[in-house]
Amino acid sequence: MAQPCCMIVEDQVLIGMSMEASLEEAGFTVAGPFTSCAQALEWLEHNSPDLAILDIMIKDGTSLQIARELKNRGIPFTVYSGLPPKAEGPPELRGAPWLEKPVSREILASTLRSIQA
């Protein structure tokens, strides 16, 4: 069985590299980490992950446009943010699991496995 490809959108380089290593150890292939919305959207023009992790606040704004694109394609994602979830958050994020930084690599991997299609 092929390893699922997980897209990482995270503007903190060390956090992104740590997530990449953790996910590869857990059996995922990784796209990214992308440190900007522009980078991630450019990659999505020609590629499609199986699932994704999105930090909401990234260096060129928010990742809501990426979330919208993933939802349009039916690709599940989880939010990984230093911000707490809001009851009336943006529609692009509704239904997505929300992990507040930091979380253990086990919680990250199990959350991703739970949203895999």
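Scroll up to find the structure.
All of these numbers come straight from a predicted model, not from anything done at the bench.

## So, the pairing of strand β6 (residues 77-81)
Inference 1: Most of β6 sits inside the fold, with 5 of its 5 residues counted as buried.
Inference 2: Residues Phe77, Val79 and Ser81 point to one face of β6 and Thr78 and Tyr80 to the other, with burial holding for every one of them.
Inference 3: Pairing geometry for strand β3 (residues 51-54) and β6, over 3 bridges, is parallel. By the bridge assignment, Ile53 is partnered in β6 with Thr78.
Inference 4: Where β6 lies against strand β7 (residues 98-100), 3 bridges are found, and the strand directions are parallel.

## Describing the sheet that holds strand β2 (residues 29-34)
Inference 1: Read from one edge to the other, the open sheet built from 5 strands follows the order β2-β1-β3-β6-β7, with strand pairing classed as parallel. Single-partner strands in this sheet number two, and they are β2 and β7. Strand-to-strand twist of the sheet, defined as the mean angle between neighbouring strand axes without regard to direction, takes the value 20 degrees.
Inference 2: Of the strand pairs in this sheet, strand β1 (residues 5-9) and β2 are connected by 4 bridges, and their pairing is parallel. Pairing of Cys5 across the sheet is with Thr29, part of β2.
Inference 3: Running at roughly 175 degrees to β2, helix α1 (residues 13-25) makes contact with β1, β2, β3 and β6 of the sheet.
Inference 4: The strands touched by helix α3 (residues 64-73) are β1, β3 and β6; relative to β3, the strand with the most contacts, the crossing angle is about 165 degrees.

What counts, and where the lines are drawn
Residues numbered from 1 in each chain as written. Predicted model: local features only at pLDDT ≥ 70, side-chain atom pairs only at ≥ 80, totals over all residues. Heavy atoms only, no water. Buried < 20%, exposed > 50% of the residue type's maximum accessible area, 1.4 Å probe, protein only. Helix = DSSP H or I, 4+ residues; strand = E, 2+ residues; numbered from the N terminus. Pairing = 2+ DSSP bridges. Axes fitted to C-alpha atoms, helices over the stretch in contact; angles between N-to-C directions. Contact = heavy atoms within 4.5 Å.

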